[in-house]
Amino acid sequence: MNTTFKTDIIGYGLFAALILFVVPWAFAFDGFELNTFARYLTLGMVAMALALSWGYAGVLNLGQAATFGLGSYVMAMHLKLRASASSYNGMPDFMGWTNVEVLPWFWEPFHSLTFTLVAGLALPALVAWLMAVFMFRGRVTGVFVAIITLAFLVALQLVFISEQRYTGGQNGLTGLAPLELFGWRADAYSTSFYYMVAGCLITALALGLAVVRSKVGLILRAIREDANRVRFFGYDVARYETLAFCVSAALAGWAGMLYVLVLEFASPTYMSVPFSLGIVIWCAVGGRESLVAAALGAVVVNMLEGRLSSIFVEGWFLFLGILFIVVVLVMPRGLYGLFSDAVQRLQTVSPRDRGGKVATKATPLSATPAVKEEN
Amino acid sequence: MGHLELHNLQVQFGGLRAVDGLNLSLEQGELRCLLGPNGAGKSTTLDLICGKTAASGGSVIFGGIDVTHMAEYQRARHGIGRKFQVPSVFKDLSVIENLEVARSQHPGVLASLRVFRSRLSGRMDEVLTIVGLHDHLHVKAGNLSHGQTQWLEIAMLLMQDCKLILMDEPTAGMTVQETLKTADIFNSLRGSHTMLVVEHDMSFVRVIAEQVTVMDQGKLLAQGTVAEIERDPKVRQAYLGDEETADAAS
Ligand SMILES: Nc1ncnc2c1ncn2[C@@H]1O[C@H](COP(=O)(O)OP(=O)(O)O)[C@@H](O)[C@H]1O
Ligand SMILES: [Mg+2]
């Protein structure tokens with residue numbers, strides 16, 4: 001439908017204007033406030049990544065935090081090496097404490113910034129690809145995908161915590177150097193840093209939209225409804241699912257890299273189950289049918305957390321849980337669902353557009369997956 | 001050698017031999033009707049050809065290629081298309097989107113990444129005219145009437161433009177006019193497409209079929225023209241002998 005195409009573009013434009021102009025102005029270009037908001041934006045990016053696989057392909061990845069965490073460690077390893085240039089053997093401090101004598105081989109390539117930036121996207125995508133081959137070639141679907149991805153997340157976090165000599169264990173990677181990119185020094189509390197993060201999110205959203213706006217998005221929605229039927233048209237369903245899963249992982253890895261820059265440390269909590277389930281909740285609140293809405297959902301819920309957790313302290317997770325139940329029961333399509341229903345109603349009221357013969361030679365592939373109660 | 005050949009095709013479900021040593025040969029461009037009492041194994045035969053069910057013995061040769069062990073999407077790429085007994089359009093997608101999915105001449109992921117618009121001209125336009133859904137382009141398939149849903153499904157088959165079309169009871173639930181229009185469409189496809197149609201409605205079969213194959217209990221029972229089949233005592237006994245059950249069956 002033409003209207004959903006317009007809604008998408010308008011929504012995207014408004015969102016870009018919001019985070020590029022309104023937010024910096026509303027916070028009076030204050031670096032500390034903008035740092036907090038930059039954190040929300042990176043979380044918006046990972047929620048958007050989940051919407052790509054969950055909302056479009058129907059692949060509920062409960063372990064989205066795994067690829068996010070991988071991206072964050074990739075970036076943190078680079079920054080840690082830069083911070084450790086003058087220490088013994090150029091090794092990170094925590095390795096000395098655990099009697100590691102030489103820098104492990106797999107740390108070496110992270111001296112290179114180019115390698116790091118590529119690996120931050122490619123490593124999560126590669127890991128996702130291996131899982132995807134296993135799951136989608138074997139035609140694993142629905143709740144089993146959720147269980148496998150969740151189990152993978154738990155295992156990955158365990159490895160990062162237990163291999164303290166190489167990963168910093170429970171403490172994660174701290175005491176990082178700032179990133180230097182083309183002579184620009186990333187200061188997490190500067191306005192230029194905020195614009196860098198906002199620019200990344202806008203770019204990532206554009207990439208995601210290009211995927212779901214193309215015929216791939218259409219085939220993914222068809223797969224979500226009836227994968228077998230799609231196969232009888234000659235589409236290799238596993239490949240489409242794999243693409244969605246891997247692009248989603250790469251975007252999550254990108255978000256993870258930014259997250260480390262914002263918070264200036266990496267922690268195994270980035271790969272925790274509560275964090276991963278949080279991503280699902282943000283995505284559901286915003287509406288998983290729309291990438292922009294999912295990103296917005298993450299921003300809104302995390303802003304709420306920022307305000308409310310100081311009041312409730314311990315009660316936040318309880319609140320989040322209740323929020324999720326309410327969303328699932330009352331508005332299964334999230335805020336986006338409420339919005340698009342309202343638009344639909346307005347349109348049925350106006351008789352224009354109705355019954356008009358289509359004179360154009362082409363029509364955009366709409367990209368809004370329709371309602372589905374399950375999952 | 002025929003366009004489609006089944007050699008000693010078999011499949012078992014538990015102890016039941018649903019298809020039991022079936023041999024069949026279809027010429028290029030032929031329209032063949034497949035008849036038989038309920039449970040004879042007609043749907044299962046189509047399943048075996050399109051890859052929905054794996055054969056436990058025998059082979060399916062299509063266009064000279066052995067497709068017996070290919071995945072269903074690979075068979076579809078070779079030109080085998082299937083219409084199911086239950087209408088199976090994508091209810092959440094609009095008419096035009098359903099047709100775009102069916103336009104699957106380039107089914108690769110990379111090819112799909114480059115398509116952003118549905119071309120309404122050419123084949124799409126022709127197909128829409130044939131089935132008369134021009135005014136419903138953006139209607140969700142779930143909101144179409146039963147008849148329109150059937151047309152959409154036939155439109156999807158036309159869009160897919162497969163060399164071999166397998167159809168399971170395409171006229172079930174259709175009005176007389178709709179059935180006649182369907183017969184017209186089938187007749188126009190004859191020659192350019194090879195078709196294997198499972199059908200219960202004998203009046204419809206008389207209109208479309210030259211050759212008829214009758215199955216019973218997974219085996220080939222008889223083969224010939226409609227007139228020959230209707231005279232065949234074996235067939236009369238197994239199936240046509242009781243016109244009422246034959247007509248009521250679905
Ligand atoms: N997936 C299946 N599992 C078990 N039995 C099946 C399956 N599919 C079909 N059958 C059985 O195989 C026989 C043939 O079924 P079918 O091909 O649907 O007959 P029809 O000629 O009416 O289309 C029936 O007895 C049916 O119960
Ligand atoms: Mg049947």
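Colleague: Before we move on, can you summarise the overall build of chain B with the specific residues and values?
Modeller: Looking only at helices and strands, one finds 11 helices and 11 strands in chain B. Here the C-alpha atoms of chain B give a radius of gyration of 18 Å, agreeing with the 18 Å that 2.2 N^0.38 yields for 250 residues. Judged by the C-alpha coordinates and their principal axes, chain B covers about 55 × 40 × 35 Å. Taking all 250 residues of chain B together, the buried fraction comes to 55%. Within chain B, counting contacts between residues at least 6 apart in sequence, those at least 24 apart form 67% of the total. As displayed, chain B has an accessible area near 10300 Å², and 51% of this comes from carbon and sulfur atoms. If you average the places of the 23 positive and of the 30 negative side-chain charges in chain B, the two averages end up 6 Å apart.

Colleague: Requested: an account of the pairing of strand β6 (residues 80–83) of chain B, with residues and values cited.
Modeller: All names here are of chain B. With burial as the criterion, each face of β6 is covered, one bearing Ile80 and Arg82 and the other bearing Gly81 and Lys83. Here β6 pairs with strand β8 (residues 164–168) via four bridges, running parallel. By the bridge assignment for β8, Lys83 is matched with Met167.

Colleague: I'd like a rundown of the packing of aromatic side chains, residues and numbers included.
Modeller: All names here are of chain A. By the definition in use, this model includes 19 aromatic pairs over all chains. Here the aromatic rings of Tyr235 and Tyr240 are separated by 5.9 Å at their centres, their planes lie at 80°, and the arrangement is edge-to-face. Overall, the relative accessible area of 0% leaves Tyr235 in the buried class. Among the aromatic residues, those joined into a cluster by ring pairs are Phe68, Tyr259, Phe265, Tyr270, Phe275 and Trp282.

Colleague: I'd like to hear about the interface of chain B and chain A, residue by residue, with values.
Modeller: Many descriptions give the size of an interface as the accessible area lost when the pieces come together. Every contact between the two is made by 41 residues of chain B and, on the other side, 39 residues of chain A. Summed over both sides, the interface between chain B and chain A buries roughly 3600 Å², with carbon and sulfur atoms accounting for 62% of that surface. The tally of links from chain B across to chain A stands at four salt bridges. Between chain B and chain A we count 17 residue pairs in polar contact (both at pLDDT 80 or more) in total. Put simply, the parts of the chain that give the side of chain B that touches chain A at least two residues each are α2 (72–78), β6, α3 (95–102), α4 (109–113), β7 (117–119) and α6 (146–160) of chain B. Counting residues per element, the side of chain B that touches chain A draws most heavily on α3 of chain B, at five residues. Of the residues in the side of chain B that touches chain A, the class split is 19 nonpolar, eight polar and 14 charged.

Colleague: I'd like a rundown of the packing of helix α11 (residues 273–286) of chain A against helix α13 (residues 316–330) of chain A, residues and numbers included.
Modeller: Residue and element names in this part refer to chain A. At a closest axis distance of 10 Å, the pairing of α11 and α13 adopts a crossing angle of 40°. Relative to α13, α11 is oriented oblique. Note that α11 runs across α13; the crossing there is left-handed. Seen from α11, the contacting residues are Pro274, Ile281, Ala284 and Val285; seen from α13, they are Phe317, Leu320, Leu323, Phe324 and Val327. Of the residues assigned to the contact of α11 with α13, the class counts are nine nonpolar, no polar and no charged.

Colleague: So what's going on with the site of ligand 1? Which residues, and what values?
Modeller: Residues and elements named next belong to chain B. Residues in close proximity to ligand 1 include Phe13, Leu16, Ala18, Asn38, Gly39, Ala40, Gly41, Lys42, Ser43 and Thr44, which together make up its full environment. Considered on its own, ligand 1 offers 560 Å² of accessible surface; in the complex 58% of this is hidden by protein. Sorting the residues of the shell around ligand 1 by element identifies β2 (16–26) and α1 (42–50) as the ones contributing at least two each. Looking at which element gives the most residues to the shell around ligand 1, the answer is α1, with three residues. Residue classes in the shell around ligand 1 are distributed as four nonpolar, five polar and one charged.

Colleague: Could you give an account of the environment of Gly208 of chain A, naming the residues involved and the relevant values?
Modeller: All names here are of chain A. Turning to its location among the elements, Gly208 is positioned in helix α8 (residues 191–213). Along the backbone, Gly208 and Ala249 are 41 residues apart, and their C-alpha atoms lie at a distance of 12 Å. Residues within four places of Gly208 in sequence aside, it is in contact with Leu52 and Leu291.

Colleague: How would you explain the sheet that holds β2 of chain B if you had to name every residue and give the values?
Modeller: Residue and element names in this part refer to chain B. Spatial ordering of the open sheet is given by β2-β1-β4-β5, a layout of four strands whose pairing is antiparallel. Taken across any chain shown, the strands that pair with only one partner, and hence form the sheet edges, are β2 and β5 (65–66). Packed on one face of the sheet, α1 meets β1 (4–13), β2 and β4 (57–62) and runs near 115° to β1.

Colleague: Break down the confidence of the model for chain A for me, citing the residues and quoting the values.
Modeller: Residue and element names in this part refer to chain A. Put simply, chain A has an average pLDDT of 88, and 91% of its residues get 70 or more. At the low end of the mean pLDDT range in chain A sits strand β3 (residues 362–364), at 65; at the high end sits helix α10 (residues 237–263), at 97. The low-confidence segment residues 351–360, where pLDDT is below 50, has seven contacts with residues more than four positions distant or belonging to other chains. Of the regions scoring below 50 in pLDDT, residues 367–375 engages in 31 contacts with residues more than four places distant in sequence or in other chains.

Colleague: Run through helix α3 (residues 64–83) of chain A, naming residues and quoting values.
Modeller: For α3 of chain A, built from 20 residues, the straight-helix expectation of 28 Å at 1.5 Å per residue is met to within 8% by its first-to-last C-alpha distance of 29 Å. Where burial is concerned, most of α3 of chain A is hidden: 18 out of the 20 residues are buried.

Colleague: Summarise the sheet that holds strand β9 (residues 194–198) of chain B; cite the residues concerned and give the values.
Modeller: Hydrogen bonds between backbone atoms are what pair the strands of a sheet, whose relative direction is either parallel or antiparallel. Residue and element names in this part refer to chain B. A sheet is described by the order of its strands in space; here six strands give the open sequence β6-β8-β9-β3-β10-β11, paired in mixed fashion. Each edge of the open sheet carries a strand with a single partner, namely β6 and β11 (219–225). Ignoring strand direction, the axes of neighbouring strands in this sheet form an average angle of 20°. With four bridges joining them, strand β3 (residues 31–35) and β9 adopt parallel strand pairing. Pairing of Arg32 across the sheet is with Leu196, part of β9. The strands touched by α6 within the sheet are β6 and β8, with β6 carrying the most contacts at an inclination of about 180°.

Conventions we followed
Residues numbered from 1 in each chain as written. Chains lettered and ligands numbered in written order. Predicted model: local features only at pLDDT ≥ 70, side-chain atom pairs only at ≥ 80, totals over all residues. Heavy atoms only, no water. Helix = DSSP H or I, 4+ residues; strand = E, 2+ residues; numbered from the N terminus. Rg over C-alpha atoms; globule rule 2.2 N^0.38 Å. Buried < 20%, exposed > 50% of the residue type's maximum accessible area, 1.4 Å probe, protein only. Contact = heavy atoms within 4.5 Å. Areas by Shrake-Rupley, 256 points an atom, 1.4 Å probe, with all protein chains shown as cover. Lys, Arg positive; Asp, Glu negative; His and termini not counted. Charge placed at Lys NZ, Arg CZ, Asp CG, Glu CD. Pairing = 2+ DSSP bridges. Phe/Tyr/Trp six-rings, centres within 6.5 Å; stacked < 30°, edge-to-face > 60°. Buried area = accessible area lost by both parts, 1.4 Å probe. Salt bridge = Lys/Arg side-chain N within 4 Å of Asp/Glu carboxyl O. Polar contact = N/O pair within 3.5 Å; in protein donor to acceptor, adjacent residues only side chain to side chain. Nonpolar A, V, L, I, M, F, W, Y, C, P; charged D, E, K, R; others polar. Axes fitted to C-alpha atoms, helices over the stretch in contact; angles between N-to-C directions. Parallel < 35°, antiparallel > 145°, perpendicular 65-115°, else oblique. Left-handed = near helix turned anticlockwise from the far one by under 90°. Near = heavy atom within 4 Å. pLDDT = per-residue confidence, 0-100. Expected span 1.5 Å × (residues − 1).

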